[in-house]
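Structural overview for review
Now for the letters of each chain:
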Amino acid sequence: MRIGSSIVLIALGAILAFAVADNLTNFIDLTLVGYILMGVGVLGLIISLVMNAPRNQKRVSESRSVQDPNTGERITRNETRDGGI
């Protein structure tokens, strides 16, 4: 469930809970259905925000300098990689 569908569920639940007359049906409590949809929407919104949150990314930078014995020239090598599992 993404952020947009969560917001749609929250809005639909609020409409059913607060704006629809409850005397339309005798076998379904529309107010309760509205509250359930709002709860599912809020839960989906929280989960989608947590899943899309930026994570700590570790980068490892390494630099090595070596002097060439033949020419006397100094060679520097820089290496950067992600430090993950």
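Residues numbered from 1 in each chain as written. Predicted model: local features only at pLDDT ≥ 70, side-chain atom pairs only at ≥ 80, totals over all residues. Heavy atoms only, no water.

Some words on the UniProt feature "transmembrane region" (unreviewed entry) in the chain
Short version of the rule: UniProt positions are given in the numbering used here, feature names are shortened, and annotations may be inferred rather than shown by experiment. To qualify as a helix, a DSSP run of H or I must reach at least 4 residues; to qualify as a strand, a run of E must reach at least 2; elements of each kind are numbered from the N terminus.
Under the local residue numbering, the UniProt record ascribes the feature "transmembrane region" (unreviewed entry) to residues 31-51. When the span residues 31-51 is considered, its composition is 100% helix and 0% strand, and the gap between its end C-alpha atoms is 30 Å.

Digging into helix H1 (residues 3-19)
For clarity, the cut-off: Working rule for helices: expected span equals 1.5 Å times residues minus one. For the exposure calls, accessible area comes from a 1.4 Å probe over protein chains only, and a residue counts as buried if that area is under 20% of its type's maximum, exposed if over 50%, partly exposed in between. Read the arc as the range of directions from the helix axis to the C-beta atoms. Between two residues, a contact is recorded if the distance between any of their heavy atoms is within 4.5 Å.
In a regular helix each residue adds 1.5 Å, so 17 residues correspond to 24 Å; H1 covers 23 Å between its end C-alpha atoms and thus fits that length. Ser6, Leu9, Gly13, Leu16 and Ala17 are the residues of H1 that are buried. Buried residues of H1, viewed axially, fall in a sector of 95°; they line one side. Turned more than 90 degrees away from the buried face of H1 sit Val8, Phe18 and Ala19, all of them exposed. Elements that come into contact with the buried residues of H1 comprise helix H2 (30-51).

Observations concerning H2
Taking 1.5 Å as the rise per residue, H2 with 22 residues should run 32 Å; its terminal C-alpha atoms sit 31 Å apart, in good agreement. Taken as a whole, H2 has its buried residues at Leu30, Gly34, Met38, Gly41, Gly44 and Ser48. Along the long axis of H2, the arc covered by the buried residues comes to 130°, so they all point the same way. Across from the buried face of H2, at angles greater than 90 degrees, the exposed residues are Leu43 and Val50. The inward-facing, buried residues of H2 abut H1.

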